Amino acid sequence: MWMRLIHQRDRERQGIGFNQIESPFFAVSRVREALLSRRDEFLGLNDFLLAHGRSRGQLTYDVIERILTTVKDGDWLLVCSDPFSPLSEDTTGNYSRIGVRCRVESWDYPLVASADQRKPPLPKTELVASPLPQERSNMAQQFAIKAKASDVLSDEPATLTAITVNDRAAMRETIIRLARKNGHEFVERSSWGAQEVKGEMVDDWDYSMIALHHAGRSVGCGFGAGQMLAIQSEHQAKFDDIGYHYGIDCMGKVFEGRDIRFKGSSVHNYNTGVIGIVLLENLTTAEEGGDMVSIARQALETMHGNMDQEIPAVQIDALLNLIQALTSVFRVTTLGGHREFPMQAGEGKICPGNIGMDLVRVLRIKTQLMQPPSS
Ligand SMILES: [Zn+2]
């Protein structure tokens, strides 16, 4: 896919339609990625920096966030060969000043699955966060009403409204759609037979970190749905639900764990703002742990040679794709292996294993995310 950044005043002169322009909501993360990575160069990036009195050499994270507001506000537009959510489909009414006509009557709000993708209503437990009893099919209408209201008040500065509970349901759908985008299979809770949550769940939303886990020292590659069920039943002895938000099996299938609208239970005393992802196998090396399990495994290796798990490429692909989906929806800054988070105990000090940690380090370079704070 090719991309180009232009100033909105040049759009008409260059004959570019809104159907070729990425929604600013998604454009921001693409431009941020390009600025941080220094690899994904695309046309117009240098003009964009120049217009803000900057050059590639003097970019700090703060500067990048500051200049990205002009992308968020639609002053600079990202032209794409295949926009994920084109401005022509916009229903927010936030870009009327640059000529985007708000699609008020549309059912196809970009954050809501289209009619043919729409699934049966979520099981009751997944709607705990919603104070409104509306069917999800009414969501587009709610958005439409909101958009209309902001149209009427068009002499007031266009602002993005605060994220409401219903937006969160739509965002959950967006993550699923993005996670499926490159042909990866995504299995929702209802499809792997998840048990109902046991109690009242705690909301969480402003996710800034991702914690990567492995499934534990006694777990090998297997059938993901069964593994998710086993983990859920183990976790429900301590928590109300499975602790991880997502699981990925060795075949690269992604499973929805705890609903992303709820705070996870994957890192000891450090769950607020943290998305937990588990790779469904054991990623330790034999000597890790220094206990009976480790001694037995080392003994086995003296007979059979190195038995370390290799992480299947298809699983890494699915993980990277999921991380990209999450970073395009949330302002994620940090990616860590479970044991890198402060003050972990027991298996938390081992997780996600030495092999898992090698992967974490590679992923951090690839995604430009930071290591968790040490305290
Ligand atoms: Zn862990």
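Residues numbered from 1 in each chain as written. Predicted model: local features only at pLDDT ≥ 70, side-chain atom pairs only at ≥ 80, totals over all residues.

1. Topic: the overall build of the protein chain
Working step 1: Of regular secondary structure, the protein chain possesses nine helices and eight strands.
Working step 2: Put simply, the protein chain has 375 residues, and 36% of those count as buried.
Working step 3: Counting contacts in the protein chain only where the partners sit at least 6 residues apart, residues at least 24 apart contribute 77% of the total. (Helix = DSSP H or I, 4+ residues; strand = E, 2+ residues; numbered from the N terminus. Buried ≥ 20, exposed ≤ 12 C-beta atoms within 10 Å, placed from the backbone. Contact = placed C-beta atoms within 7 Å.)

2. Notes on the sheet that holds strand S7 (residues 274–279)
Working step 1: Strands sit in the order S3-S6-S5-S7-S4-S8 across an open sheet of six strands; the sheet is mixed. What marks the edges here is a single partner per strand, and that holds for strand S3 (186–187) and strand S8 (334–337).
Working step 2: Here strand S5 (residues 246–248) pairs with strand S6 (residues 254–256) via three bridges, running antiparallel. Paired with Gly-247 across the bridge in S6 is Phe-255. (Pairing = 2+ DSSP bridges.)

3. Notes on the pairing of strand S4 (residues 209–214)
Working step 1: Judged by how many residues are buried, S4 sits mostly within the fold: six of six residues are covered.
Working step 2: Burial of the side chains of S4 extends over both faces: Met-209, Ala-211 and His-213 are buried on one face and Ile-210, Leu-212 and His-214 on the other.
Working step 3: Pairing of S4 with S7 involves six bridges; the strand directions are parallel. Each bridged residue has a counterpart across the sheet, and for Met-209 the counterpart in S7 is Val-274.
Working step 4: Bridging between S4 and S8 involves four bridges; their strand directions are parallel. Bridging from a neighbouring strand, Ala-211 pairs with Gly-336 of S8.

4. What about helix H9 (residues 353–367)?
Working step 1: Taking 1.5 Å of rise per residue, 15 residues should cover 21 Å, and H9 covers 20 Å from first to last C-alpha, within 8% of that figure.
Working step 2: Listing the buried residues of H9 in full gives Gly-353, Ile-355, Gly-356, Met-357, Leu-359 and Val-360.
Working step 3: Against S4, S7, helix H8 (313–329) and S8 lie the buried residues of H9. (Expected span 1.5 Å × (residues − 1).)

5. Some words on the packing of helix H1 (residues 24–37) against helix H3 (residues 61–72)
Working step 1: Orientation of H1 relative to H3, taken along the N-to-C sense of each, is 145 degrees, at an axis distance of 9 Å. Note that H1 runs across H3; the crossing there is right-handed. Here Pro-24, Ala-27, Val-28, Val-31, Arg-32, Leu-35 and Leu-36 of H1 come into contact with H3, specifically with Ile-64, Leu-68, Val-71 and Lys-72. (Axes fitted to C-alpha atoms, helices over the stretch in contact; angles between N-to-C directions. Left-handed = near helix turned anticlockwise from the far one by under 90°.)

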